Amino acid sequence: MTCEQAQQLVKQRLSHKRYKHTLNVKNMAVELARRYGADEEKAALAALLHDSAKELPWEDMLQIFADNAIMAKNAAARPTPVWHGIAAAILCATRWGVTDPEILSAIECHTTGKAGMSLLDKILYMADATSAERDYPGVERLRREQMQDLDLALLHSLQQSISFVQKKGGALDPQTLAACRDLEQRMQKKG
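First things first, this report covers the structure right here in the doc. (Residues numbered from 1 in each chain as written. Predicted model: local features only at pLDDT ≥ 70, side-chain atom pairs only at ≥ 80, totals over all residues. Heavy atoms only, no water.)

1. Some remarks on helix α11 (residues 174-190)
The first and last C-alpha atoms of α11 sit 24 Å apart over 17 residues, in line with the 24 Å expected at 1.5 Å per residue. Within α11 the residues assigned to the buried category are T176, A179, C180, D182, L183 and M187. Seen end-on, α11 carries its buried residues on one side only, within an arc spanning 170°. Projecting away from the buried face of α11 at angles above 90 degrees are the exposed residues P174, Q188 and K189. Buried-residue contacts for α11 involve α10 (150-168). Between a side-chain oxygen at the N-terminus of α11 and the backbone nitrogen of Q175 the separation is 2.9 Å; the capping residue is D173. (Helix = DSSP H or I, 4+ residues; strand = E, 2+ residues; numbered from the N terminus. Expected span 1.5 Å × (residues − 1). Buried < 20%, exposed > 50% of the residue type's maximum accessible area, 1.4 Å probe, protein only. Arc of directions from axis to C-beta. Contact = heavy atoms within 4.5 Å. Polar contact = N/O pair within 3.5 Å; in protein donor to acceptor, adjacent residues only side chain to side chain.)

2. Remarks on the environment of Y136
Within the secondary structure layout, Y136 lies in the loop between α8 (119-129) and α9 (139-148). Taking the relative accessible area as the measure of exposure, Y136 reaches 27% and is therefore partly exposed. A sequence separation of 85 residues divides Y136 from D51, and the C-alpha atoms of the two residues are 19 Å apart. Polar side-chain contacts of Y136 include one of 2.7 Å to the backbone oxygen of A129.

3. Let's talk about the nonpolar core
In this structure, L49, F65, I107, I123 and M126 are the most contacted members of the largest nonpolar core, which totals 61 residues. No other element matches the eight residues that helix α6 (residues 83-94) contributes to this core. Contacts of M126, omitting those with residues within four sequence positions, involve L32, L142, Q146, L150, A153, L154 and S157. (Core = buried A, V, L, I, M, F, W, Y, C linked by side-chain atoms within 4.5 Å.)

4. Section: the side chain of T112
Relative to the helices and strands, T112 resides in the loop between α7 (101-108) and α8. By relative accessible area, which is 1% here, T112 ends up buried.

5. Side note on unusual backbone geometry
Although it is not a glycine, K73 adopts a positive phi angle of roughly 55°. In this fold, K73 is placed in the loop between α5 (69-72) and α6. Given the relative accessible area of 60%, K73 is considered exposed.

6. Section: the pattern of salt bridges
If you walk through the whole model with that rule in mind, you get 11 salt bridges. Taking the shortest distance from any N to any O, the salt bridge between R134 and D128 comes out at 3.1 Å. Here the salt bridges share partners, and the residues they tie into one network are K42, D100 and E102. (Salt bridge = Lys/Arg side-chain N within 4 Å of Asp/Glu carboxyl O.)

Take it as geometry only, folks, not as evidence of what the structure does.
Here's what the structure looks like:
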């Protein structure tokens, strides 16, 4: 699938507001890919497709998980706000011809992170967290940090996400906690 095809696909699937967010994420992902030497085309494609399942009803996502149980792993047992990334990755792989495991991984973990994140995983996670329309407390600091030290910005973003979910009393996704711990350990080793 090309970026042009992906853009047309999501334009048809998403509300105007979500589509605008998607384009903002693509722009930020390409900027971060350029900054850190990642493949800009892969970053753009992952960004365009990252929320392609965001507006599906939960029942539809559950059906995608049931129809693709091996790929879905334990998706239905995870908190519902993370379902759309998993569902999008499955749709990309099974219906839209996206076979690149890096792109699929980045889409799948763009809301949760995971232990051992690749550069593309980090780029998409941060591009989504800091896209132009985001205006939550601390986003400006993350935007500055990600241009200087992607890992530090990612760590702060994960910590902020964990704190937000805990304050709300929501269920934390275990992958987010694993991503945070993994990154803390890696950064301690770097010194």
